[in-house]
Amino acid sequence: MCGIVGYVGEREAVPVLIKGLEHLEYRGYDSAGIACLSHDRSKFFMIKEKGKLAELKAQLNGVPPQMRLGIGHTRWATHGEPSKINAHPHLGRDSRIALVHNGIVENYAELKSELERKGHRFKSKTDTEVAAHLIEYYYRGDLCEALRKAVRRMKGFFAFVAISHDEPNRLFACKRSNPLVIGVGHNEHFVASDVSALLPYTKRVIYLDDDELVELTPDSVRVTQLQKGTKIQKKVSEINWNVEQAQKGGFPHFMLKEIYEQPRVLSETILERIDDKGNIHFELLPKSTVKKLQKIKKIHIVSCGTAYHAGLVANYMMGKYVRLPIEATVSSEFRYEDPIVGPGDLVVLITQSGETADTLAALRLAKEKKALTLAIVNVVGSTIAREADLVIYTQAGPEIGVASTKAYIAQLGTLALFTFYLARLRKTIASQEYRELIGEFRKLPKSAEQVLKQVDDIDRCARKHFHRKNFLYLGRGYNYPTALEGALKLKEISYAHAHGYAAGEMKHGPIALIDEEQLVICIAPQSKTYDKMISNIEEIKARNGLVMAIGTYGSKALSKLADYLFLIPNTPEIFSPILSVITLQVFAYKIAVLNHRDVDQPRNLAKSVTVE
Ligand code: F6R
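Residues numbered from 1 in each chain as written. Predicted model: local features only at pLDDT ≥ 70, side-chain atom pairs only at ≥ 80, totals over all residues. Heavy atoms only, no water.

A. Looking closely at the state of the cysteines. Tallied over the full model, the rule gives zero disulfides. Of all cysteine sulfurs in the structure, the one in C174 sits closest to C2, which takes part in no disulfide; the separation is 15 Å. Using a relative accessible area of 7% as the deciding quantity, one classes C2 as buried. Of all cysteine sulfurs in the structure, the one in C2 sits closest to C304, which takes part in no disulfide; the separation is 18 Å. (Disulfide = S-S within 2.5 Å. Buried < 20%, exposed > 50% of the residue type's maximum accessible area, 1.4 Å probe, protein only.)

Printed below as a string of C-alpha cells:
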C-alpha cells in the first residue's frame, strides 16, 4: 500500500516521478505528492494534492526546470484522513530533509510526544511526519547516518526514500518488510515500490532486502546493512516484463484488458511448462526438492482475498489427485492461530504481489516451524518470492487493475499444474488419467477465448440488473470458490452487496432471501454435483427467484430453467473454475461500468496490501 518513487540523474526529475507514480497509483490513491531539490538548492520544490494523481498533475504548470533529484508518493491512508496536509512527502522541522514512506511506524505516538517535548510542532496526523522530524533531528550532514539512528528508534515496518538539502546529488532509501527496488540506468538511478514504475526507463534492477540501506548518486549504488553499516554486494537482475504490458492498449480499463489477456496468460502459464511428452517442468524447482516433495505429509495453502479463493480451489484439486491432508487458510488467521505446522509439511503461499503483509508473515512463521515453503507468485523478485524455499511464477505479467482477474486465472492454472506434478511424483494418478487430463489442459486457452465471445450477451444481462443492490452466488465443489470469487469481484468494484455460498447450504439460511427480486448466479458446469445444482435451481425458481446460470455446452436441464445462461466448453471438473470465473469477471466489470464506478481503482482498496 502506498507507492513510492525516487530519482537522481540527468533528466528532469518531475516527469520521471509523475510517470513512476502513474504506474504505482494502483497501490493507493488517497493523495499524491512530489518533492524535488530546486536548481539553486535553496529549497525543496514540493506539491501535494488530495485525491488521485490527476489532481496533482493539474497543479504542475510552472514547475521550475533543472531539478534532477526528487521523491514522489501516492498514498493509501493509514494514519490521518486522506487530505493535502497528510499527503507525502513530509519535511523535517527545519525543512532540511524530505521523506516518503510506505508502512507504519507503530510507536509514532511515543516518538511524537518526545519530539514535541523538544519543541517540534507537527502539521499532519501522520506517522511519516514524525519519522521525518526524527530523521532530521539526527541529521548532521550525513543522511545515511541519520536514517540509521532514527530507524533504531522506530518499531514497525517501512520503506523510506529521503533526500536532503545538503546532499544535492544523493538519494537515500531503506526498508524493513515493505518493498523497494532500485532501477539501474546510465548516469541515473531510480528507486520505487515495484518494477512497474521503472519499466519505462530500465529493465536492470536490484531488489533491496530487509534492513538494507542504499545511497544512490547518478553513477553509483552503495548498499549497506541498515544497523551496522557494513557494505553489501548486490546482484543486478534483468526484468522480462515490458512497458506495453503495463499500459491499457486501447481498452477503457486495465481490468477489461486483463480479462481479455487471459487466454494468453493460460498459454504462458500452462502450455510452456508441458513438454511434448506431457511432462511438467517448473524452471525454478531444483531437482533436489523432488525427494522432499515425495515425502510431505500435509499441505497448507495460505493466501488472502482472491488468492485465497485460488487456494480453496487448490484444496479440491490436491485433495482429489494428491491424496494428502490439505488445509486452505487465510493468511491473517494462519499467522495468529498457532497452526500445527512442522517439518514434513509443505506450506504453499499464493500471492499476486508477493508483498501482502499477512502472507509474508505466514511464510516467515512456516519457515520458523521448519516447514518446506513454496511461493506461487506473480511479481518477479517480490519479497515472498525471494524468501520462500521454492518459487513458481504465475507468469501473468503486470496486473494493474485493483480487482484481480488474470492473476487469479494464472494461479488456478499453476495450481492445477502443480497438482499434476505432485500427483505424478507421489504416484497418486494413473498414467492414462494423467495423459487425458494433460490433453484437456492444453485446450484451456482456446476454451477461454470461446467464453469471451459471450461478452455482448453478458453485457445485455448486466444492463437489466445493474441497479440491483443484492446478488447471491451459489456453487458446489470446485465451483464453490468460484461463487465466492464472483461475489468478491462484484462487490469490490460495484459496491453492491454480493454473497457467495456453497449451494448445499442454501436451505440452511440463504433461501430466505429468494423472491421475485433476487437474482441468483448459479455456477453449474458439468460435474459430479450437477444434478444437485439443478435441484437448487428448481428450488429458486419455485420461489420465483431469477437465475443467471453458468453451465457447460449441451446442459439441457439448465437451459430450461435459467433466465440467463452462459456457457463454457466441455472440460474436466478440475478445470471448470478456470473457465466459469471469466463470465463472472465480465459480469462484475459490466455492472460496475454501468454504475459509473472507478473500475480500476475502487474506493478504499489498494492492489498491494502491505499493512495488516
Ligand atoms: C481482489 C484482490 C485481493 C487480493 C488480495 C491478495 O480482487 O485483488 O483480494 O487477491 O489482496 O493479494 P496478493 O495476491 O497480492 O497477495
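B. Region of the structure containing the site of the ligand. Taken together, 14 residues lie near the ligand, and T351, Q352, S353, T356 and E492 sit nearest. Here an oxygen atom of the ligand sits 2.7 Å away from a polar atom, N or O, in the side chain of T351. V402 has a polar backbone atom sitting 3.4 Å from an oxygen atom of the ligand. Its free accessible area being 400 Å², the ligand has 89% of it covered by the protein chains. (Near = heavy atom within 4 Å. Polar contact = N/O pair within 3.5 Å; in protein donor to acceptor, adjacent residues only side chain to side chain. Areas by Shrake-Rupley, 256 points an atom, 1.4 Å probe, with all protein chains shown as cover.)

C. Looking closely at the domain arrangement of the protein. Looking at the protein, the domain boundaries give domain 1 (3-243), domain 2 (247-442) and domain 3 (451-594). A straight line from the C-alpha centre of domain 2 to that of domain 3 covers 26 Å. Of the residues lining the interface, 30 residues belong to domain 2; the matching set on domain 3 comes to 24 residues. Here domain 2 and domain 3 share an interface that buries about 2,400 Å² over both sides, 77% of which is from carbon and sulfur atoms. Between the two partners, domain 2 and domain 3, sit zero salt bridges. Counting across the domain 2 and domain 3 interface gives six residue pairs in polar contact (both at pLDDT 80 or more). Contributions of two or more residues to the side of domain 2 that touches domain 3 are made by α6 (254-260), α7 (262-269), α9 (305-321), α13 (406-425) and α14 (431-442). A per-element tally of the side of domain 2 that touches domain 3 places α9 first, with nine residues. (Domains from an automatic or database assignment. Contact = heavy atoms within 4.5 Å. Buried area = accessible area lost by both parts, 1.4 Å probe. Salt bridge = Lys/Arg side-chain N within 4 Å of Asp/Glu carboxyl O. Helix = DSSP H or I, 4+ residues; strand = E, 2+ residues; numbered from the N terminus.)

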